[in-house]
Amino acid sequence: MKTAKWPSTPESIIPDKHTRDNMNAKTTEELRHELKAATNIEDYLRSNQKNLVRYNLPEYLRSLLSCKKLRKADVVRGSLLSRAYVYQIFSGEKSPSRNTLLALAFGLRLSDEETQVLLKASKNPELYARDERDAIILFALQKGKTIFEANTLLFEHHFHILGIPSE
């Protein structure tokens, strides 16, 4: 199975930005339209091979670590997750929950857009601004808050906090 090659900068990881790196790349909307019109899935997959992404979460996390010039120890401290668990996630031994990924996002010092891509890469739902808890987390990410500050906001609004193994 092929996996995506991750770009060298976090900004270039975000798909469907207003500009495209490759002028031949199709937007998600264009792909949806082609898929709807397709009569044969094999033809669609073959003709759009370069536009399809196969996520490999551990590889993506390692790419983010490199892009951000962080060490796994920094992620452990910034996420409130146990060292062993973080290392198992990075190696692919464990599949993290959405809440664990959100804690990792704080540990990796991701922006809100980078966090959304991380959630997509793990096949988890993106943060939804209409959901109160998600809105608090989005706000914290947008303002560059630490996980401690995000957890204070979550606690003040009577939501489960991040980084504490309760899953």
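See the structure shown above.
So, here's what we can say about the structure.

About the criteria used
Residues numbered from 1 in each chain as written. Predicted model: local features only at pLDDT ≥ 70, side-chain atom pairs only at ≥ 80, totals over all residues. Heavy atoms only, no water. Core = buried A, V, L, I, M, F, W, Y, C linked by side-chain atoms within 4.5 Å. Buried < 20%, exposed > 50% of the residue type's maximum accessible area, 1.4 Å probe, protein only. Helix = DSSP H or I, 4+ residues; strand = E, 2+ residues; numbered from the N terminus. Contact = heavy atoms within 4.5 Å. Phe/Tyr/Trp six-rings, centres within 6.5 Å; stacked < 30°, edge-to-face > 60°. Lys NZ or Arg CZ within 6 Å of the ring centre and 35° of its normal.

Describing the nonpolar core
By size, the foremost hydrophobic cluster in this structure holds 34 residues, and its most contacted members are Leu61, Leu104, Phe106, Leu108, Leu118, Ile137 and Leu162. Counting residues per element, the ones that place at least two in this core are helix 3 (57–67), helix 4 (72–79), helix 5 (83–91), helix 6 (98–107), helix 7 (112–121), helix 8 (132–142) and helix 9 (147–156). Tallying contributions element by element places helix 6 first for this core, with six residues. Apart from residues lying up to four places away in sequence, Phe106 is in contact with Gly78, Ile137, Ala140, Leu141, Lys145, Thr146, Ile147, Ala150 and Leu162.

Some remarks on the environment of Phe159
As for its placement among the helices and strands, Phe159 is situated in the segment after helix 9. Given the relative accessible area of 25%, Phe159 is considered partly exposed. Spatially, the C-alpha atom of Phe159 lies 9.7 Å from that of Ile136, the residues being 23 residues apart in sequence. Other than its neighbours up to four places away in sequence, Phe159 contacts Glu132, Arg133, Ile136 and Leu154.

Some details on the packing of aromatic side chains
According to the stated counting rule, one finds zero aromatic pairs in the structure shown. The cationic tip of Arg83 hangs over the ring face of Tyr87; the distance from NZ or CZ to the ring centre is 4.5 Å.

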